[in-house]
Amino acid sequence: MEFLQQLVNGLALGSIYALIAIGYTMVYGIVQLINFAHGDIYMIGAFVGFFAVVKYGLPFLPTLLLAMLVCSVLGVIIEKIAYRPLRNSPRITALITAIGVSLFLENVVRWRLGPDPRPFPELFSVKVFSLGGVQVSNVQLLIFGVALVLIVILQFIIYRTRIGKAMRAVSQDQDAARLMGINVDRTISVTFAIGSALAAAAGILVGIAYPRIDPYMGILPGLKAFVAAVLGGIGIIPGAMLGGLVMGVAELMVVGFWSSDYRDAIAFAILIIILLIKPTGILGKNQSEKV
Amino acid sequence: MLKINNIDVFYGAIHALKDLSLTVEAGQIVTLIGANGAGKSTTLKTISGLLKPKSGNLIFQEQNITGKAAQQIVALGIVQVPEGRRVFPSMSVMENLELGAYLRKDRVAIRDDLDRVFTRFPRLQERRSQMAGTLSGGEQQMLAIGRALMARPRLMLLDEPSMGLAPLLVREIFEIIKEINQTGTTILLVEQNAHMALSIAHYAYVLETGKIVLEGPAAELAQSDKVKEAYLGGRTN
Ligand SMILES: Nc1ncnc2c1ncn2[C@@H]1O[C@H](COP(=O)(O)OP(=O)(O)O)[C@@H](O)[C@H]1O
Ligand SMILES: [Mg+2]
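None of these values were measured; they are calculated from a predicted model. (Residues numbered from 1 in each chain as written. Chains lettered and ligands numbered in written order. Predicted model: local features only at pLDDT ≥ 70, side-chain atom pairs only at ≥ 80, totals over all residues. Heavy atoms only, no water.)

Asker: Help me understand unusual backbone geometry in this model?
Answerer: Negative phi characterises most residues that are not glycine, and trans characterises most peptide bonds. Residues and elements named next belong to chain B. Within the chain, Q61 stands out as a residue other than glycine whose phi angle is a positive 45°. Along the chain, Q61 turns up in the loop between β4 (55–60) and β5 (63–64). For Q61, a relative accessible area of 36% translates into the label partly exposed. If you check the backbone angles, T209 has positive phi at about 35° while not being a glycine. Looking at where T209 falls in the secondary structure, it is placed in the loop between β9 (203–208) and β10 (211–217). (Helix = DSSP H or I, 4+ residues; strand = E, 2+ residues; numbered from the N terminus. Buried < 20%, exposed > 50% of the residue type's maximum accessible area, 1.4 Å probe, protein only.)

Asker: Is there a simple way to explain the coordination of the magnesium ion (ligand 2) in this structure?
Answerer: For a metal with four tetrahedral donors the ideal donor-metal-donor angle is 109.5 degrees, while six octahedral donors give ideal angles of 90 or 180 degrees. For the magnesium ion (ligand 2), the full set of protein donor atoms is S41 of chain B (OG) and E83 of chain B (OE), at a range of 2.0 Å. A residue pair is termed long-range when its members are at least 10 positions apart, and S41 of chain B in helix α1 (residues 40–47) and E83 of chain B in the loop between β6 (78–81) and α3 (93–100) qualify at 42 residues. (Donors = N, O, S within 2.8 Å, 3.2 Å for Na, K, Ca; no water.)

Asker: Sorry, what's going on with the site of ligand 1 here?
Answerer: All names here are of chain B. Lining the immediate environment of ligand 1, one finds Y11, I14, A16, A35, N36, G37, A38, G39, K40, S41 and T42. Interatomic distance of 2.9 Å between a backbone N/O atom of G39 and an oxygen atom of ligand 1. Summarising the interface, the protein chains cover 62% of the accessible area of ligand 1, which totals 560 Å² for the free molecule. Looking at the shell around ligand 1, its residues break down into five nonpolar, five polar and one charged. (Near = heavy atom within 4 Å. Polar contact = N/O pair within 3.5 Å; in protein donor to acceptor, adjacent residues only side chain to side chain. Areas by Shrake-Rupley, 256 points an atom, 1.4 Å probe, with all protein chains shown as cover. Nonpolar A, V, L, I, M, F, W, Y, C, P; charged D, E, K, R; others polar.)

Asker: Before we go on, may I ask you to explain the nonpolar core in this structure?
Answerer: Among soluble globular proteins, nonpolar side chains are generally buried collectively. One finds I22, Y83 and I182 of chain A to be the most contacted residues of the largest nonpolar core, which totals 95 residues. Top element by residues in this core is helix α8 (residues 184–209) of chain A. It accounts for 14 residues. Leave out the neighbours within four places in its chain, and I182 of chain A touches A166, A169, V170, A177 and T187 of chain A together with Q71, L99 and Y102 of chain B. (Core = buried A, V, L, I, M, F, W, Y, C linked by side-chain atoms within 4.5 Å. Contact = heavy atoms within 4.5 Å.)

Asker: Just checking my understanding: could you explain the sheet that holds strand β8 (residues 186–191) of chain B for this structure?
Answerer: Strands in a sheet are paired, the pairing made by backbone hydrogen bonds, and the direction either parallel or antiparallel. All names here are of chain B. One open sheet accounts for six strands, arranged β6-β7-β8-β3-β9-β10; its pairing is mixed. Strand pairing shows two members of the sheet lacking a second neighbour, β6 and β10, which therefore form its edges. With strand direction ignored, the average angle separating the axes of adjacent strands in the sheet is 15°. Bridge analysis of strand β7 (residues 155–159) against β8 gives five bridges, and the strand direction is parallel. Residue pairing across strands places L157 opposite L188, the latter belonging to β8. Running over the sheet, helix α6 (residues 137–149) touches β6 and β7 and is turned about 170° from β6. Against the sheet, helix α7 (residues 167–182) touches β3 (29–34), β7 and β8, its axis set at about 155° to β8. (Pairing = 2+ DSSP bridges. Axes fitted to C-alpha atoms, helices over the stretch in contact; angles between N-to-C directions.)

Asker: Sorry, what's going on with the interface of chain A and chain B here?
Answerer: Interfaces are often described in size by the accessible area the parts lose on coming together. Between chain A and chain B, the residue contacts involve 19 residues of the former and 20 residues of the latter. Across the chain A/chain B interface, buried area totals approximately 1,900 Å², and carbon plus sulfur atoms make up 58% of it. For the chain A face of the interface with chain B, the top three residues by lost area are R162, L179 and M180 of chain A, together amounting to 37%. Counting across the chain A and chain B interface gives three salt bridges. The salt bridge partner of K165 of chain A is E98 of chain B, with a shortest N-O separation of 3.0 Å. Linking chain A to chain B there are five residue pairs in polar contact (both at pLDDT 80 or more). Mapped onto the side of chain A that touches chain B, the elements with two or more residues apiece are α6 (162–172) and α7 (174–179) of chain A. Per-element accounting of the side of chain A that touches chain B gives the leading share, six residues, to α6 of chain A. Class assignment for the residues of the side of chain A that touches chain B results in eight nonpolar, three polar and eight charged. (Buried area = accessible area lost by both parts, 1.4 Å probe. Salt bridge = Lys/Arg side-chain N within 4 Å of Asp/Glu carboxyl O.)

Asker: Help me out: how do you make sense of α6 of chain B in this one?
Answerer: Residues and elements named next belong to chain B. In a regular helix each residue adds 1.5 Å, so 13 residues correspond to 18 Å; α6 covers 18 Å between its end C-alpha atoms and thus fits that length. Summarising burial for α6: twelve of the 13 residues are buried, a large majority. Taken residue by residue, α6 has G138, E139, Q140, Q141, M142, L143, A144, I145, G146, R147, A148 and L149 as its buried positions. Among the structural elements, β6, α3, α4 (107–120), α5 (122–126), β7 and α7 are those in contact with the buried residues of α6. (Expected span 1.5 Å × (residues − 1).)

Asker: Would you mind going over the environment of P217 of chain B with me for this structure?
Answerer: Residues and elements named next belong to chain B. Summarising the element assignment, P217 is placed in strand β10. A residue is classified by how much of its surface remains accessible, and P217, at 33% relative accessible area, is partly exposed. Sequence-wise, P217 and M1 are 216 residues apart; in three dimensions their C-alpha atoms are separated by 17 Å. Those residues in contact with P217, other than ones at most four positions away along the chain, are H202 and Y203.

Asker: Is there a simple way to think about the side chain of N96 of chain B in this case?
Answerer: Note that N96 of chain B resides in helix α3. The residues contacting N96 of chain B, other than those within four sequence positions of it, are V87, F88, M91, A132, L143 and R147 of chain B.

Asker: For this particular structure, what's the right way to read the packing of aromatic side chains?
Answerer: Given two aromatic rings, their pairing is described by the distance between the two centres and the angle made by the two planes. Under the counting rule described, the total for this entry stands at eight aromatic pairs over all chains. Taken together, a centroid distance of 5.1 Å and an interplanar angle of 90° make the contact between F50 of chain A and F51 of chain A edge-to-face. Using a relative accessible area of 8% as the deciding quantity, one classes F50 of chain A as buried. According to the relative accessible area criterion, F51 of chain A is partly exposed, its value standing at 24%. Here the guanidinium or amino end of R112 of chain A rests over the ring plane of W111 of chain A, the centre of that ring lying 4.9 Å away. Looking at K54 of chain B, its charged tip hangs above the ring of F10 of chain B, at a distance of 4.8 Å from the centre. (Phe/Tyr/Trp six-rings, centres within 6.5 Å; stacked < 30°, edge-to-face > 60°. Lys NZ or Arg CZ within 6 Å of the ring centre and 35° of its normal.)

Asker: Please explain the sheet that holds strand β1 (residues 2–11) of chain B as it appears in this structure.
Answerer: All names here are of chain B. Here four strands make up an open sheet; going across it, the order is β2-β1-β4-β5 and the pairing antiparallel. The sheet terminates laterally at β2 (14–24) and β5, the two strands that pair on one side only. Direction of pairing for β1 relative to β2: antiparallel, over a ladder of seven bridges. Note on β2: the bridge partner recorded for Y11 is I14. Running at roughly 115° to β1, α1 makes contact with β1, β2 and β4 of the sheet.

Structure representation (structure tokens):
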């Protein structure tokens, strides 16, 4: 029973990691950049949600959509200002810039709002259902539902729409995509927008599930989602989903059966193991295929 | 149809094209031949807007296209079949063809063109749901050409379509290029296989280290001693 309970809790946490990891992997797939500011976008999503609820009294769905919108615009702006000028520079330059953007976002939020954690307002009163001895809360069901809907929409966009085809084409061969008449810059902007919107959704869900938010809340989940993306195979979207779920479950199994002191360590243990055994990730081929 | 006037193109400090001029007359097959590293691909990339010339200009149908973005060039009807095919390996044959028509909105006409491509390349129809990366070299070349046709090009640029193909396939590809030209598409064909290229082209240019060194009607160039010696392996016929 304890195992099943931790599995359910782990899948809920893992769904959140998966939403963040998808953004990492999409951006990597299209511009080969590890966007270390991605965790901070998630943090900002949580804060947008905070103000939407506290200041404007918005209910859940408008809050979610607003945070996704704000963060997608932010993601597009960051790409345009910080990363696009470096597109032809060595990768390490862009990577260091991404770390700079991350510190910038954390410190702007800290400067404007202070470093102290704030309680995320209660949008739902938590109800717990017991299913054959396993406790499932309405918040967990909400997390599963939102993650599922977003992932279905994402799959639809990527495989069924014109912009989705453009995204896949750019990630596979940028110059060939240009020769098809695809506007590569715009396609990259859309990729950042979608990835950032998913991170914002994760931020809102975390605010609801673990209701304390602060300017540095993005660091650890960001790193774990990055590990999840690498675990699944960086650049591969289903890999990021799988990696996120595995990370969430692994973390809560450690909490349940060992000690919560090691819940963060497990992420890095997984990273080390995957880099030693299969650096291309679970779903990665030798030549890692993207988006 | 296309006029390139005195362009200079650089890769950093490397001066890849030097004061290059050439003209492609509407309705013709024009070929640009030259050894590896002569600057043939650079010329096509510049026409397609992937590279910008430092000086000189390009005029397409009375319109200055110098410095235009690649998607604008495609929209004007200049479509390239790049060196090494460059099909999208993790997309199906069908999706590759659809991407060829990326800028088009006329759905009905796109369907017609798709049927036409499948009629011309029945192998592609058989394999339409297969990933492009799993096709053979010849099939990938057909896909790359089919994908370009899906854009309804006025001017098709082909970069070494015979590269790495068996002689029988080379013949087939050249036959197809001739047919495409006969149905009204102007062609600029880049080749190292000078013999084959000269046999189907109307007009030809010879490129050496970024400079045009020789030009003329293809049939005449094929007979010139210089071309025979340097590009046709000293053949006498
Ligand atoms: N991306 C590049 N960076 C630097 N030099 C290049 C690049 N691409 C081509 N060159 C150089 O430009 C010259 C012309 O190359 P290219 O146009 O590819 O020749 P071709 O297609 O005739 O074989 C060569 O000397 C080549 O080394
Ligand atoms: Mg070449």
